[in-house]
Protein chains: 2
Amino acid sequence: VTIHELDTPALVIDLDIMERNLARVASYAKEHSLRLRPHTKTHKSPEIGRRQLDLGAAGLTVAKTTEGEVMLNSGTPDLLIAYPVVGPKKVARAVELAHRTYVTVALDSFECARTLSEAAQAAGVGIGVLVEFDAGLRRAGVPPEDVLPLVKSVSSLPNILWEGLAFYPGHIKALDDTGRVQLSALQSLVPRLVESLEKEGLPPRIVSGGSTPLLWQSHLVPGLNEIRPGTYVFNDRNTLRMGACAMEDCAATIHATVVTAQNGRAMIDGGSKTFSSDGSTAPDAEGYGEVLDAPGARFHRMNEEHGYLDTAQCDRTLKVGDRVRVLMNHVCTSVNLQERIYGVRGETVEEIFEVEGRGKLQ
Amino acid sequence: VTIHELDTPALVIDLDIMERNLARVASYAKEHSLRLRPHTKTHKSPEIGRRQLDLGAAGLTVAKTTEGEVMLNSGTPDLLIAYPVVGPKKVARAVELAHRTYVTVALDSFECARTLSEAAQAAGVGIGVLVEFDAGLRRAGVPPEDVLPLVKSVSSLPNILWEGLAFYPGHIKALDDTGRVQLSALQSLVPRLVESLEKEGLPPRIVSGGSTPLLWQSHLVPGLNEIRPGTYVFNDRNTLRMGACAMEDCAATIHATVVTAQNGRAMIDGGSKTFSSDGSTAPDAEGYGEVLDAPGARFHRMNEEHGYLDTAQCDRTLKVGDRVRVLMNHVCTSVNLQERIYGVRGETVEEIFEVEGRGKLQ
C-alpha cells in the first residue's frame, strides 16, 4: 500500500525521521549520562515504546494508570506515572501495575502519598515516589520551599520508596539572544534543592525534568539526571516554531483530501476532531497547521470535520479530490484522536501502529 | 454504582434532561411538520440514535461513512451523510452502506456526484443526494446562484436520486432585539431557491437545515422542511451562552477530581484530552468551562491532562481528592474523546453508552 491509497484524514509518520529522532535523543542521553524515560503520551503506542526501550531508555512515562496498563505491552521494566494518582480506583490500578513492573509516581501532596502507601502495604508491593516541585509553570508541584518537608514525610511512609524529585520545565521555551533556552532559574534552583536534601541525609537518586522544549539543554542543569521528553519522537509545528527542532525533524503530518473548493477557498476533510483545536503557541504563526503541499494556503479555521483553507494567496489551485499534507500544531492531542498511525518509508506504508492508549480516561 | 464511585474524569449525562431534550425537539418537529434527522456527531452512540428514531426521527445524520457504519446498529432506515463523500475508499463505503439502508449524501460538486453515480451503478444501488448551498458561513456549499446548474447536472446522473437541498446555518447565532435569531437572510434566500427550482420542474422534496443554534426558529424559514440538530441532545456551555438553551437543559458535565491544590489555585484531572481545546464562542465567557460546584473558580487554562483552576475568588476551598462537575464549552468534541458516557438518574449510574463512533477517521 502506498500513501496515495490511504483513506484520509490519516496521520502519517515518516519512519526514517522518527528513527532518527529516537536515536538522536538516545545518544544525547547516553553522552550526558542522563536517564531517559520518554513520555509515551505523544505516541500512545506500546510498539513505539518498545523501540525507545531498545535504544536504551530506562523506562517509560505515562500520565495515567490506564495508559500504564496499555504500555505494559511494550515490556517496560519501569513505569513512571508523571501525575498525582488521586482517588481509590486509580490507586488500586497503580498498585496492580506495581505487581507487573516497577512503578514510580510523581506527586505533590502527602495525601496522595499516604493513600498509595496504604494500598501498597495491603498488597505487599513497593511503589517509587518522586516529589514534584513547581519550577515556575504553576501547574502541579509544591513550591520549592515545601520540598524538604514533603520529602521527609513521604520518605518515611511504609512501602513507599522515595526516589527523588521531578519537575516540568515545559514553559521554559523562550530563547535568549544566543538562541539558548533561558535556563538560569533552573540552573540555580535545582542544585539548591538537591543540596538542601543532601544536608538532611536525603540525597535524591533521581532528579527528573527535561521536556522536549528544554531537551537539548538538559545537561546544563546541574543535578538533573533524568529526562522524559515526549514530543521529540515526532515533533510538530509548535516544537518547530519554538526552535526545538528543524523542519526535517518533523515526522508527523495529516494527509487530507480537498472535499470542496470555491473561488479563493477550499475545505479539507479534517477539522478539530482530526487535528485537535490546539492553536499555535508561537507568536509568529497563526492558524491550525502548515499546508506543506500548497504554500500560501492559510489553514485559518476549523469545525469538527472541516478544515478551512484560504487559498487566495496560494500558488496551487486546489480541486476536489486533491490531497495535501498538513503539519499540525500539536501532535500529542492529534494522535489521541486517531485509531492508528501509518508509518511510511518513502511512499510505502510499512507499518501501522495502533494508538492503543488513546482516550483511556478511566 | 453511584456517581461518587465513578473514576474521573468521566462524562456524565443526566438522563432526565437528555430525555426531555429529545422529547422536546421531537414535539417541535412534529408540531411544525418538520422532518427530523438528528446529527449523531454529538453522541456517537447507536443506542442514543435508536431513541431518537423511537421518538419519531425520520433518519439519522452522520459526518463520515465510517460513522455511518457504526450508526447502522441503531437500526436506522435512513442515513444522511452530511458531508461530501470524496475519494475512492469513501465512495466504496457509501455504496456498501446503501446496500443496508437508504443513504443520502449532501454534496456541493459535480465531481463528487459523478463518482458516487459510477460506483452506485456498478453496485446496482441508488443513492440520494442533497445539493448543499452556502448560506453565508463560507464552509461547504455552492453559492446560491450555482444551485440550479448543479441540481440540473446531478439530477440526471444514473443511480442518483436527487432529493433536494441542504444548508448549514450554524453561524446564525446572534440574537436580535426581540431575542430571536436573525433569520431574515434565510427567510428570503431559501424560498427564492425553492421557487427557482420549481420553475424548472425540479421541486425539492427535502430542504434540510436547522442546526441547534437555529433550532427553535426553523419553522420561520419558508420552504425549510427538515432539521438535523445534533448538540440539542446534551447541550453545552456554548449553546447556553448563545441563548439556545437554559442551564436546566444542559445534560452533560465532566466529573473531575482535584489532584493538586496550592494557595489560590488547583488542578483537576482533565485537560485538552478530556474537554477538547475548544474555547468559548460567547464574547462574555472565557476559559474552558463552568465549574458548577465551585462558584468563582476560573477554569482558565489546560494542558493535555491538567485543568488549571484559579480559585482566588472561589467560595469553596478545594482540597486534593475533592470532586467537581464542569460544564464544558463544546460537548461534541469532548464526547469524541471519551470511550463511554455515563447516564445517571439522580445519583445512580443507570446506563453506560459506548461512544462507538469516536475517532473513526478512516
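The rules behind these values
Residues numbered from 1 in each chain as written. Chains lettered and ligands numbered in written order. Predicted model: local features only at pLDDT ≥ 70, side-chain atom pairs only at ≥ 80, totals over all residues. Heavy atoms only, no water. Helix = DSSP H or I, 4+ residues; strand = E, 2+ residues; numbered from the N terminus. Rg over C-alpha atoms; globule rule 2.2 N^0.38 Å. Buried < 20%, exposed > 50% of the residue type's maximum accessible area, 1.4 Å probe, protein only. Contact = heavy atoms within 4.5 Å. Areas by Shrake-Rupley, 256 points an atom, 1.4 Å probe, with all protein chains shown as cover. Pairing = 2+ DSSP bridges. Right-handed = clockwise from strand over helix to strand, strands pointing away. Salt bridge = Lys/Arg side-chain N within 4 Å of Asp/Glu carboxyl O. Least-squares fit on C-alpha atoms with pLDDT ≥ 70 in both. Phe/Tyr/Trp six-rings, centres within 6.5 Å; stacked < 30°, edge-to-face > 60°. Lys NZ or Arg CZ within 6 Å of the ring centre and 35° of its normal. Polar contact = N/O pair within 3.5 Å; in protein donor to acceptor, adjacent residues only side chain to side chain. Disulfide = S-S within 2.5 Å. Expected span 1.5 Å × (residues − 1). Buried area = accessible area lost by both parts, 1.4 Å probe. pLDDT = per-residue confidence, 0-100. Axes fitted to C-alpha atoms, helices over the stretch in contact; angles between N-to-C directions. 1 Å grid on protein atoms, 1.4 Å probe; cavity = no way out; pocket = protein on both sides within 12 Å on 5 of 7 lines; lining within 4 Å. Points joined across faces, edges and corners; volume = space filled by probe spheres on them. Nonpolar A, V, L, I, M, F, W, Y, C, P; charged D, E, K, R; others polar.

Our next topic: the overall build of chain A. If you tally the helices and strands in chain A, you get 10 helices and 17 strands. Computed over its C-alpha atoms, the radius of gyration of chain A comes to 22 Å, within 12% of the 21 Å expected for a compact globule of 362 residues. Per-residue burial for chain A yields a buried fraction of 63% across its 362 residues. Long-range pairs, those at least 24 residues apart, make up 68% of the contacts in chain A between residues at least 6 apart in sequence. For chain A, the computed accessible surface area is about 12,900 Å², with 48% contributed by carbon and sulfur atoms.

Bringing the pairing of strand E5 (residues 102-107) of chain A into the picture now. Residue and element names in this part refer to chain A. When you tally the buried positions in E5, you get five out of six residues, the bulk of the element. Note that strand E4 (residues 78-81) and E5 share four bridges and pair parallel. Along E5, the bridge assignment pairs Ile 81 with Val 105. Once the chain exits E4 it traverses helix H4 (residues 88-98) before rejoining the sheet at E5, and the crossover so formed is right-handed.

Right, let's talk about the pattern of salt bridges for a bit. Residue and element names in this part refer to chain A. This structure, assessed with the given rule, holds 70 salt bridges over all chains. Among the salt bridges present, the one from Arg 50 reaches Glu 47, with a minimum N-O distance of 2.7 Å. Separated by three residues within a single helix, Arg 50 and Glu 47 lie in helix H2 (residues 46-54), roughly one turn from each other. Among the residues examined, Arg 50 registers a relative accessible area of 32% and is labelled partly exposed. Within this structure, Glu 47, Arg 50, Arg 51, Asp 54 and Glu 351 form a network of salt bridges that share partners.

Once that is clear, we can look at the relation of the copies chain B and chain A. For these two chains of identical sequence, chain B goes onto chain A by a turn of 180 degrees and a shift of 0.0 Å along the axis, with RMSD 0.0 Å. A rotation of that kind, with that shift, is consistent with a two-fold axis. Rotation axis and chain B: the residue whose C-alpha lies nearest the axis is Ser 277 of chain B, separated from it by 2.6 Å. A shared interface surface links the copies, since 100% of the contact residues of chain B are contact residues in chain A too.

As a further point, take the sheet that holds strand E3 (residues 60-62) of chain B. All names here are of chain B. As summarised here, the arrangement of the eight strands in space is E2-E9-E8-E7-E6-E5-E4-E3, forming an open sheet in which the pairing is parallel. Where the open sheet ends on each side, the last strands, each with one partner, are strand E2 (35-36) and E3. Summarising the sheet, strand E8 (residues 206-209) and strand E9 (residues 226-227) pair through two bridges and their orientation is parallel. Within E9, the residue paired with Gly 209 across the bridge is Ile 227.

Bringing the packing of aromatic side chains into the picture now. Within this structure, the stated rule accounts for eight aromatic pairs over all chains. Between Phe 275 of chain B and Phe 299 of chain B, the ring centres sit 5.0 Å apart and the planes meet at 70 degrees, which makes this aromatic pair edge-to-face. A residue pair is termed long-range when its members are at least 10 positions apart, and Phe 275 of chain B in helix H9 (residues 272-275) and Phe 299 of chain B in strand E13 (residues 298-302) qualify at 24 residues. Under the relative-accessibility criterion, Phe 275 of chain B is labelled buried at 3%. Relative to Phe 299 of chain B, the ring of Tyr 288 of chain B has its centre 6.1 Å away and its plane inclined at 65 degrees; by these criteria the two rings are edge-to-face. Here Phe 299 of chain B lies in strand E13 and Tyr 288 of chain B lies in the loop between H9 and strand E12 (289-291), a separation of 11 residues in the sequence. In textbook terms, an aromatic cluster arises when at least three aromatic residues are bridged by ring pairs, as seen for Phe 275, Tyr 288 and Phe 299 of chain A. The ring of Tyr 168 of chain A has Arg 139 of chain A lying over it, and the distance from NZ or CZ to the ring centre is 4.3 Å.

Quick look at the side chain of Ser 276 of chain B now. Residues and elements named next belong to chain B. When you line up the elements, Ser 276 lands in the loop between H9 and E12. Separated by 3.2 Å, the side chain of Ser 276 and the backbone nitrogen of Asp 278 make a polar contact. Non-local contacts of Ser 276, meaning those with residues more than four positions away in its chain, are made with Gly 271, Met 302, Thr 333, Ser 334 and Leu 337.

Each disulfide consists of one covalent bond between the sulfur atoms belonging to two cysteines. Per the counting criterion, the structure on display carries zero disulfides over all chains. For Cys 250 of chain A, which is in no disulfide, the shortest distance to another cysteine sulfur is to Cys 245 of chain A and amounts to 3.9 Å.

Before going further, it helps to spend a moment on helix H1 (residues 15-31) of chain A. Residues and elements named next belong to chain A. With 17 residues, H1 extends 24 Å from end C-alpha to end C-alpha; this agrees with the ideal 24 Å at 1.5 Å per step. Within H1, burial applies to Leu 15, Ile 17, Met 18, Asn 21, Leu 22, Val 25, Ala 26, Tyr 28 and Ala 29. Against strand E1 (10-14), strand E2 (35-36), H2, strand E9 (226-227), strand E16 (340-345) and strand E17 (348-354) lie the buried residues of H1. Structurally, the start of H1 carries an N-cap: the backbone nitrogen of Asp 16 is 3.0 Å from a side-chain oxygen of Asp 14. Residue Ser 33 follows H1 closely and has a positive phi angle near 50 degrees.

This next bit is on the interface of chain B and chain A. Taken together, the contacts link 64 residues of chain B with 64 residues of chain A. The contact between chain B and chain A buries some 5,400 Å² in all, and 47% of this surface belongs to carbon and sulfur atoms. Considering only the surface of chain B that becomes buried against chain A, Arg 139, Leu 361 and Gln 362 of chain B emerge as the three largest contributors, covering 14% of it. Along the contact surface separating chain B from chain A lie 12 salt bridges. We note a salt bridge from Lys 64 of chain A to Glu 305 of chain B, for which the minimum N-O separation is 2.8 Å.

Okay, the confidence of the model for chain A next. Mean pLDDT over chain A: 94, with 96% of residues reaching 70 or higher. In the predicted complex, the global pTM is 0.96; the interface-specific ipTM is 0.96.

All names here are of chain A. Spatial strand order, E2-E9-E8-E7-E6-E5-E4-E3: eight strands in an open sheet with parallel pairing. Because the sheet does not close on itself, it has two edges, and the strands there are E2 and strand E3 (60-62). As paired elements, E2 and E9 share two bridges and run parallel to each other. Within E9, the residue paired with Leu 36 across the bridge is Ile 227. On the sheet, helix H6 (residues 147-155) packs against E5, strand E6 (127-132) and strand E7 (160-166) and is oriented at approximately 160 degrees with respect to E7.

In this section: empty space enclosed by the protein. Gaps between atoms show up when a probe of the same size as a water molecule is rolled over them. Under the counting rule described, the total for this entry stands at six cavities of 30 Å³ or more. Here the largest cavity defines a volume of roughly 120 Å³. Lining the largest cavity are 15 residues, with Asp 269 of chain A together with Ala 63, Lys 64, Tyr 83 and Lys 90 of chain B positioned closest to its centre. Each residue belonging to the lining of the largest cavity can be placed in one class, and the counts come to nine nonpolar, two polar and four charged.

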